[in-house]
Amino acid sequence: MAFIRSKIDLHSHSNASDGSFSPTALVNRAIDKGLTHLALTDHDCILGIKEAKQAALGKIELIPGTELSCTWRNEQIHVVALFIDLNSKVLLNYLEGQKQKRIERAQNISLKLEKQGIHNAYEECVKRAGSGASITRGNYAKLLVELGRAQDNEDAFNTYLKKGKSCYVKTDWPDMSVCVDTILKTGGIPVLAHPSRYSLTNTKIRALMEDFKQYGGLAIEVSGCQMKTTEIDYLASLCEKYDFMASLGSDFHHEGSYRELGFLPKLPINLKKVWDDPRAKPYNFITEG
Ligand code: AMP
Ligand code: MN
Ligand code: MN
Ligand code: MN
């Protein structure tokens, strides 16, 4: 499918987690692509937002966000928190817990990689990422490619990092109910990220939506990079069925992949948009995504 441009992109990563660009470089790229609104949503981390806001000043609206890892029925699920209050004690406290889990997990992955003859992988990832960054499996995938141990990210996951492979480490993320509740308490909007990327059956996806709704979830991502019309139509139907608001985001990490800032199908016009919520008001949305 050809890339379709949206001026609004509510899911992206910088080198404060597993993205390759600094927050400033990411924001400049979004400006170059003609975006009016960009949410920076690093994994379990808000460290890049201050810099991103500075770079965005007067040129683009920068929406503070984070992508939180949580557990639902033994699955690792991502919930994007949008329009968050960066000074919220509840949020900062929660992120501290996530940080400790991430450090422990990343070090355990590194120990497993050591056994495969890949030395000091944790330290090498930390060196390449921004200061204080969340280290994710995405960081390890990039390192493995750089070291010539994998052909590309996908290969790194299929050979080492995904569930069932030699360097996979299970993590005890907080339950999805706790995650959603925390986001609500910090004044943000909980958005279920990329619902079709969890390899769940349609029955399980519906169960996921039902629980997300029951816990207080308010929106789901309906449009992402290069998504087929049938996939968007399906997610749009679930969005309406469970009365969620719709969000969209490229989940951009780095150059050279099929994902690009703002290169994503617009949301179906009949859906309620996440930016129509009063919490989005300070960010001056005037255009259609
Ligand atoms: P983590 O939260 O540490 O489990 O890492 C998740 C991140 O790894 C995602 O946000 C993606 O950036 C990346 N990732 C997960 N699965 C894949 C995959 N199959 N291929 C490439 N990247 C992936
Ligand atoms: Mn990632
Ligand atoms: Mn994700
Ligand atoms: Mn993401």
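Up top is the structure these notes are about.
Residues numbered from 1 in each chain as written. Chains lettered and ligands numbered in written order. Predicted model: local features only at pLDDT ≥ 70, side-chain atom pairs only at ≥ 80, totals over all residues. Heavy atoms only, no water.

Asks: Help me out: how do you make sense of the coordination of the manganese ion (ligand 4) in this one?
Replies: For a metal bound by four donors in a tetrahedral arrangement, the ideal donor-metal-donor angle is 109.5 degrees, while six donors in an octahedral arrangement ideally sit at 90 or 180 degrees. Bound to the manganese ion (ligand 4) are the protein donor atoms His11 (NE2), His13 (NE2), Glu67 (OE) and Asp251 (OD), situated 2.1 to 2.2 Å from the metal. Donor residues binding the manganese ion (ligand 4) come from one chain and are separated in sequence as H-x1-H-x53-E-x183-D. Here the manganese ion (ligand 2) and the manganese ion (ligand 4) are spaced 4.5 Å from one another. Neither residue differs from the other here; histidine 11 and histidine 13 are each classed as buried. (Donors = N, O, S within 2.8 Å, 3.2 Å for Na, K, Ca; no water. Buried < 20%, exposed > 50% of the residue type's maximum accessible area, 1.4 Å probe, protein only.)

Asks: Quick question: what am I supposed to make of the coordination of the manganese ion (ligand 3) here?
Replies: Looking at the manganese ion (ligand 3), one finds its protein donor set to be Glu67 (OE), His78 (ND1) and His194 (NE2), positioned 2.1 to 2.2 Å from the metal centre. Each donor residue of the manganese ion (ligand 3) belongs to the same chain, with the gaps between them written as E-x10-H-x115-H. The distance between the manganese ion (ligand 3) and the manganese ion (ligand 2) is 5.6 Å. Of the two residues, histidine 78 is situated in strand S4 (residues 75-82) and histidine 194 in the loop between strand S5 (189-192) and helix H8 (202-215); the sequence distance between them amounts to 116 residues. With respect to class, histidine 78 is no different from histidine 194; both count as buried. (Helix = DSSP H or I, 4+ residues; strand = E, 2+ residues; numbered from the N terminus.)

Asks: Even after reading the chapter, I still don't get helix H2 (residues 49-56), so can you show me in this structure?
Replies: Side chains three or four residues apart in an α-helix point the same way, a direct result of the helix having 3.6 residues per turn. Listed in full, the buried residues belonging to H2 are Ile49, Ala52, Ala55 and Ala56. Down the axis of H2, the sector holding all buried residues measures 125 degrees, keeping them to one side. Across from the buried face of H2, at angles greater than 90 degrees, the exposed residues are Lys50 and Gln54. In the core, the buried residues of H2 are packed alongside helix H1 (23-32), strand S2 (37-40) and strand S3 (61-72). Directly beyond the C-terminal end of H2, a positive phi value near 80 degrees is found at glycine 58. (Arc of directions from axis to C-beta. Contact = heavy atoms within 4.5 Å.)

Asks: Mind showing me how you'd approach the pairing of S4 here?
Replies: Regular strands place their side chains on alternate faces of the sheet. For S4, the tally of buried residues reaches six of eight residues, placing the bulk of the element in the interior. Summarising the sheet, S3 and S4 pair through eight bridges and their orientation is antiparallel. Along S4, the bridge assignment pairs cysteine 70 with isoleucine 77. The turn joining S3 and S4, which pair antiparallel and follow one another in sequence, is formed by two residues; a positive phi near 45 degrees is taken by arginine 73. Sheet topology note: the S4/S5 ladder contains four bridges and is antiparallel. Each bridged residue has a counterpart across the sheet, and for alanine 81 the counterpart in S5 is proline 190. (Pairing = 2+ DSSP bridges.)

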